[in-house]
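Spelled out from the first residue to the last, the chains are:
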Amino acid sequence: MASSSSFFGVTECNLLCVGGLVAGLALAAVAFKRYQKYKDDQRRQTYPKDTVVLHQIGRGKYIPSISPFPLKLETYLRMAKIPYINEHAHTMSSKGKTPWMTYNGEDVDDSQMCIDFLNKKLGVDMNKHLSLEQKSIGHAFRILVEDHLYWTMAYVAYAGDLTATRSVMPYDPLTNMFLVRAWTKVIRKQLWCQGMGRHTVEQVNHLIKSDLMALSVFLEEFPNLKDYVYRVRETFWPDWNECILEPEQGGTRGKKEK
């Protein structure tokens, strides 16, 4: 006769079934992780020597990246004329960030740390013509853009209505809905912890205008900030439209890059 022993109404048979299921799931997870590592090791063997492999999420519908930091790093690679290839995927770095890069088998994460690494490794110095004071001012404005203006942008994109955010995502409707919902939950929490998420819309708009005005004054050699952006695009992104258009439109968005 089958055992009728129970613990708080759960029979021994049920406990064994649950235990077996948990063990099976744990083994499957370990096997999947090892398989992923094997595939990663195989892929890495195909990376060309002395070439940056830029790991970033896919191209956007209106801009080559829906995140500013991959665009920053890829623009730097073009400006410095450093050989690179893109690997578009949603695989994040060890810090859970994008972009990151691999160079001759070494992984480096964070866009600025990638730039600092390559500057030192390859002897690149695009600021050598600047004085110490100019370098200091440039550093301060980079921090303004990346650690202040960025959070106002995140606020506009994710703190309120998500219609505009969904419209720029280059995914099918189901993936779009899932990703935007997941990102919104994470970014709203980050905004609150950072402090920007505690402000009103009017206050954030004021901060945005102040940051952009400061940038425009700093770039006084140009009529305005918009002209400066277009100049960078025309100089270093002659393939801008090709990057954001689908293959059937004559572009490369969504295609695997070699």
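Calculation notes
Residues numbered from 1 in each chain as written. Predicted model: local features only at pLDDT ≥ 70, side-chain atom pairs only at ≥ 80, totals over all residues. Heavy atoms only, no water. Salt bridge = Lys/Arg side-chain N within 4 Å of Asp/Glu carboxyl O. Helix = DSSP H or I, 4+ residues; strand = E, 2+ residues; numbered from the N terminus. Buried < 20%, exposed > 50% of the residue type's maximum accessible area, 1.4 Å probe, protein only. Core = buried A, V, L, I, M, F, W, Y, C linked by side-chain atoms within 4.5 Å. Pairing = 2+ DSSP bridges. Axes fitted to C-alpha atoms, helices over the stretch in contact; angles between N-to-C directions. Contact = heavy atoms within 4.5 Å. Polar contact = N/O pair within 3.5 Å; in protein donor to acceptor, adjacent residues only side chain to side chain. Parallel < 35°, antiparallel > 145°, perpendicular 65-115°, else oblique. Phe/Tyr/Trp six-rings, centres within 6.5 Å; stacked < 30°, edge-to-face > 60°. Lys NZ or Arg CZ within 6 Å of the ring centre and 35° of its normal.

Some details on the pattern of salt bridges
Then, in step 1: If you walk through the whole model with that rule in mind, you get seven salt bridges.
Then, in step 2: Linking Glu146 and Lys72 is a salt bridge whose minimum nitrogen-to-oxygen distance equals 2.6 Å. Of this pair, Glu146 sits in helix H4 (residues 132-158) while Lys72 is found in helix H2 (residues 68-79), placing the two residues 74 residues apart along the sequence.
Then, in step 3: Between Lys95 and Asp109 there is a salt bridge whose closest N-O contact spans 3.6 Å. Of this pair, Lys95 sits in the loop between strand S4 (84-88) and strand S5 (100-103) while Asp109 sits in strand S6 (residues 106-109), and the two are 14 residues apart along the sequence.
Then, in step 4: Given the relative accessible area of 48%, Lys95 is considered partly exposed.
Then, in step 5: Given the relative accessible area of 11%, Asp109 is considered buried.

Digging into the nonpolar core
Then, in step 1: Core analysis: the biggest nonpolar cluster contains 15 residues, and Val52, Tyr76, Leu77, Ile82, Met101 and Leu118 have the highest contact counts within it.
Then, in step 2: Only strand S3 (52-56), H2, S5 and helix H3 (111-122) provide two or more residues apiece to this core.
Then, in step 3: With four residues, the single largest contributor to this core is H3.
Then, in step 4: Of all hydrophobic cores here, the second largest spans twelve residues; its members include Tyr158, Val180, Ile187 and Leu191.

Some points on the sheet that holds S5
Backbone hydrogen bonds are what pair the strands of a sheet, in a parallel or an antiparallel way.
Then, in step 1: An order of S4-S3-S5-S6 is seen for the four strands of this open sheet, with the pairing classed as mixed. Both edges of this open sheet fall to S4 and S6, since each of them pairs with a single strand only. Here the average twist between neighbouring strands, direction ignored, is 25°.
Then, in step 2: Of the pairings in the sheet, the one linking S5 to S6 comprises four bridges and is antiparallel in character. Note on S6: the bridge partner recorded for Thr102 is Asp107.
Then, in step 3: In this fold H3 packs onto S3, S5 and S6, with an angle of close to 25° to the strand it touches most, S5.

Observations concerning the environment of Glu74
Then, in step 1: Residue placement: Glu74 occurs in helix H2.
Then, in step 2: For Glu74, a relative accessible area of 1% corresponds to the buried category.
Then, in step 3: Along the backbone, Glu74 and Phe236 are 162 residues apart, and their C-alpha atoms lie at a distance of 9.8 Å.
Then, in step 4: Contacts of Glu74, omitting those with residues within four sequence positions, involve Leu54, Gln56, Arg59, Tyr84, Asn86 and Trp237.
Then, in step 5: Engagement of the side chain of Glu74 in a polar contact is seen with the side chain of Arg59, the distance being 2.9 Å.

A closer look at the packing of H2 against H4
Then, in step 1: Look at H2 against H4: their axes get within 12 Å of each other, and the N-to-C directions meet at 150°. Accordingly, the angle class assigned to the pair H2 and H4 is roughly antiparallel. Here H2 contributes Pro68, Phe69 and Lys72 to the contact with H4, which in turn contributes Arg142, Glu146, Tyr150 and Met153.

Digging into the pairing of S5
Then, in step 1: The alternating pattern of S5 places Trp100 and Thr102 on one face and Met101 and Tyr103 on the opposite face, and all of these are buried.
Then, in step 2: In sequence, S5 turns back onto S6 through a hairpin of two residues, with Asn104 there showing a positive phi of about 50°.

Focus on the packing of aromatic side chains
Then, in step 1: Scanning the entire structure with this criterion turns up five aromatic pairs.
Then, in step 2: On the numbers, 4.2 Å between centres and 15° between planes, the contact of Phe141 with Phe218 is stacked. You can see Phe141 sitting in helix H4 and its partner Phe218 sitting in helix H7 (residues 201-218), a full 77 residues away along the chain.
Then, in step 3: Look at Trp237 and Trp240: their rings are 6.0 Å apart centre to centre, the planes differ by 85°, and that puts the pair in the edge-to-face class.
Then, in step 4: The structure contains a cluster of three or more aromatic residues connected by ring pairs, namely Phe69, Tyr150 and Trp151.
Then, in step 5: A cation over a ring is seen here: Arg78 above Trp237, with NZ or CZ 3.6 Å from the ring centre.

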